[in-house]
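# A look at the structure
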Amino acid sequence: GLGRRGAGGADAVMVGVGTALADDPDLTVRDMGVVRQPVRVVLDTDRRLGPDRRVFAEGGPTTLLVCAEDAPGPDRLGAAEVVRLPRSTAFGGLLL
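A brief look at the structure comes next.

Parameters at a glance
Residues numbered from 1 in each chain as written. Predicted model: local features only at pLDDT ≥ 70, side-chain atom pairs only at ≥ 80, totals over all residues. Heavy atoms only, no water. Helix = DSSP H or I, 4+ residues; strand = E, 2+ residues; numbered from the N terminus. Buried < 20%, exposed > 50% of the residue type's maximum accessible area, 1.4 Å probe, protein only. Contact = heavy atoms within 4.5 Å. Pairing = 2+ DSSP bridges. Salt bridge = Lys/Arg side-chain N within 4 Å of Asp/Glu carboxyl O.

## Describing the environment of R54
- Tracing the backbone shows R54 in the loop between β2 (39-43) and β3 (63-68).
- Taking the relative accessible area as the measure of exposure, R54 reaches 42% and is therefore partly exposed.
- With 27 residues separating them in the primary sequence, R54 and L27 have C-alpha atoms 8.6 Å apart.
- With near-sequence residues (within four places) excluded, R54 lies in contact with D24, P25, D26 and R40.

Structure (structure tokens):
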């Protein structure tokens, strides 16, 4: 989880695929005074992550997986809704 000062007042918390692969974060706020958990956003241009990641577990806060519109896979990954964005022709990443 995120510490007391990590994301307690945030509307969303975002990580990239590298952090999700290395740390397997759940991206929840641990502070007991938090009324609403922030939306979890994971940037994974090429859909490298599997549904076994903690951030995609059922029962957590709203979760969005942001990938390229040409990335393979269904419109859900675990509990996450998949949001597809155009791929940049200049650098291969996402156009946000």
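The structure having been displayed, the exposition proceeds.
## With respect to unusual backbone geometry
- Located in the positive-phi region is D24, a residue other than glycine, with phi close to 45°.
- Within the secondary structure, D24 sits in the loop between α1 (17-23) and β2.

## Here we look at the sheet that holds strand β4 (residues 76-77)
- Strands sit in the order β1-β2-β3-β5-β4 across an open sheet of five strands; the sheet is mixed. Where the open sheet ends on each side, the last strands, each with one partner, are β1 (12-16) and β4.
- Where β2 and β3 come together, four bridges link them in parallel fashion. When the sheet's bridge partners are listed, R40 is paired in β3 with T63.

## Overview of the pattern of salt bridges
- All chains considered together, the criterion is met by four salt bridges.
- Across the salt bridge formed by R87 and D70, the nearest N and O atoms sit 2.9 Å from each other. Linking R87 in the segment after β5 (80-85) with D70 in the loop between β3 and β4, this pair joins segments that are 17 residues apart in sequence.
- Its relative accessible area of 28% is what places R87 among the partly exposed residues.
- Here D70 falls in the exposed class, since its relative accessible area comes to 53%.
- Notably, a salt bridge pairs D75 with R84, separated by 3.5 Å at the nearest N-O pair.
- Look at R84 and you get partly exposed, because its relative accessible area is 26%.

What is shown is where atoms sit, not what they do.
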